[in-house]
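Coordinate inspection notes
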Amino acid sequence: IQDAVNAANPGTTIIIRNGTYRETVVIQKDDLRLIGSAEAGTTIIDGGELVDATGIHLKNASRIEIRGLVVQNFDGFIGPGPGDYHSGILVEGGRNNILRDNQLRMNGSNLVLDRSDNNQITGNTVSLAKHAGILLTNGSDNNILKANVAYDNDHRPLTLPSSEIPGCGILI
């Protein structure tokens, strides 16, 4: 997937065939679409064998659409604070992105918007995160969250201090 992203020009739609992909994806360009197979739940990005990684990282990228993917097992923990979990999808400094109809599960936090504005988060299912199902942080403004389902998040390791902010479905 990363090779396709690297080779893509603005406006490209990358259709990802069904299967399990054990990799991370970093997007640092604008105007791309990452679309999973037409059969829901069959295009999986799995971090189970990776250490200290985020599944999909939109780094200062805008007008990206991510649709129809399962992103799971990016659950590394790198410090004592609530922001110290790896994410299934991290949008960092992005604007006008669309994240819809994805399944995010068993990640540190499933979906994080950090300093990211005017994004649409629609129809995603976020579950079994160690911290937050969806986390908006550091002045992420004017985002639309609609028809998302969040359940059974806050699966932190028992070794964390009890004073840590608990996880939840949506944390703003």
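Residues numbered from 1 in each chain as written. Predicted model: local features only at pLDDT ≥ 70, side-chain atom pairs only at ≥ 80, totals over all residues. Heavy atoms only, no water.

1. What about the overall build of the chain?
Looking only at helices and strands, the chain has one helix and 18 strands in total. The burial tally for the chain puts 48% of its 172 residues in the buried class. When the accessible area of the chain is evaluated, it comes to approximately 8,000 Å², of which 48% is carbon and sulfur surface. (Helix = DSSP H or I, 4+ residues; strand = E, 2+ residues; numbered from the N terminus. Buried < 20%, exposed > 50% of the residue type's maximum accessible area, 1.4 Å probe, protein only. Areas by Shrake-Rupley, 256 points an atom, 1.4 Å probe, with all protein chains shown as cover.)

2. A look at the nonpolar core
Among the nonpolar cores identified, the biggest contains 29 residues, and Ile 27, Leu 34, Ile 56, Ile 66 and Ile 89 are the most heavily contacted of them. Of all the elements in the fold, those that place two or more residues in this core are β3 (25-27), β4 (32-35), β6 (56-59), β7 (64-67), β9 (87-92), β12 (109-114) and β15 (132-137). Apart from residues no more than four positions distant in its own chain, Ile 27 is found in contact with Val 5, Leu 32, Leu 34, His 57, Leu 58, Lys 59, Ala 61 and Ile 64. (Core = buried A, V, L, I, M, F, W, Y, C linked by side-chain atoms within 4.5 Å. Contact = heavy atoms within 4.5 Å.)

3. Quick word on the pairing of strand β5 (residues 43-46)
Regular strands have side chains that alternate between both faces of the sheet. Of the two faces of β5, the one lined by Thr 43 and Ile 45 and the one lined by Ile 44 and Asp 46 are each fully buried. Where strand β2 (residues 19-21) meets β5, three bridges bridge the pair, whose relative direction is parallel. By the bridge assignment for β5, Gly 19 is matched with Thr 43. With three bridges connecting them, β5 and strand β8 (residues 70-72) associate as parallel partners. (Pairing = 2+ DSSP bridges.)

4. Digging into the pattern of salt bridges
Under the criterion given, the structure shown has eight salt bridges. We note a salt bridge from Asp 31 to Arg 63, for which the minimum N-O separation is 2.7 Å. Taken together, the residues span a long stretch of sequence, with Asp 31 in the loop between β3 and β4 and Arg 63 in the loop between β6 and β7 at a distance of 32 residues. Classification of Asp 31 by relative accessible area gives partly exposed; the value is 28%. (Salt bridge = Lys/Arg side-chain N within 4 Å of Asp/Glu carboxyl O.)

5. Brief notes about the sheet that holds β5
Consider a sheet: its strands pair through backbone hydrogen bonds, and that pairing is either parallel or antiparallel. The strand order across the open sheet built from six strands is β2-β5-β8-β11-β14-β17, with neighbouring strands paired in parallel fashion. Two strands in the sheet have a free side with no partner beyond their single neighbour: β2 and β17 (149-151). On average, each strand axis in the sheet is inclined to that of its neighbour by 15 degrees, with strand direction left out of account. Where strand β11 (residues 103-105) and strand β14 (residues 125-127) come together, three bridges link them in parallel fashion. Along β14, the bridge assignment pairs Leu 104 with Val 126. (Axes fitted to C-alpha atoms, helices over the stretch in contact; angles between N-to-C directions.)

6. Remarks on the environment of Asp 101
Within the secondary structure, Asp 101 is located in the loop between β10 (98-100) and β11. Note: C-alpha distance between Asp 101 and Ala 147 (46 residues apart in sequence) is 9.7 Å.

7. What to know about the sheet that holds strand β16 (residues 144-146)
What the six strands build is an open sheet, ordered β1-β4-β7-β10-β13-β16; its pairing is parallel. A single partner strand is all that each edge strand has here, and the edge strands are β1 (12-15) and β16. Each strand axis lies, on average, 5 degrees off the axis of its neighbour in the sheet, ignoring direction. Bridge count for β4 against β7 is four bridges, and the pairing is parallel. Residue Arg 33 lies in a different strand from β7, and its bridge partner there is Glu 65.

8. Some thoughts on unusual backbone geometry
In the Ramachandran plot, Met 106 falls in the positive-phi region, its phi being about 60 degrees despite a non-glycine side chain. Mapped onto the secondary structure, Met 106 falls in the loop between β11 and β12. A positive phi angle, near 55 degrees, is found at Asp 152, a position not held by glycine. Here Asp 152 shows up in the loop between β17 and β18 (168-171).

9. A closer look at the confidence of the model for the chain
Across the chain, the average pLDDT comes to 87, with 84% of residues at 70 or higher. Considering only residues more than four positions removed or in separate chains, one finds that residues 158-162, a stretch of pLDDT under 50, has two contacts. (pLDDT = per-residue confidence, 0-100.)

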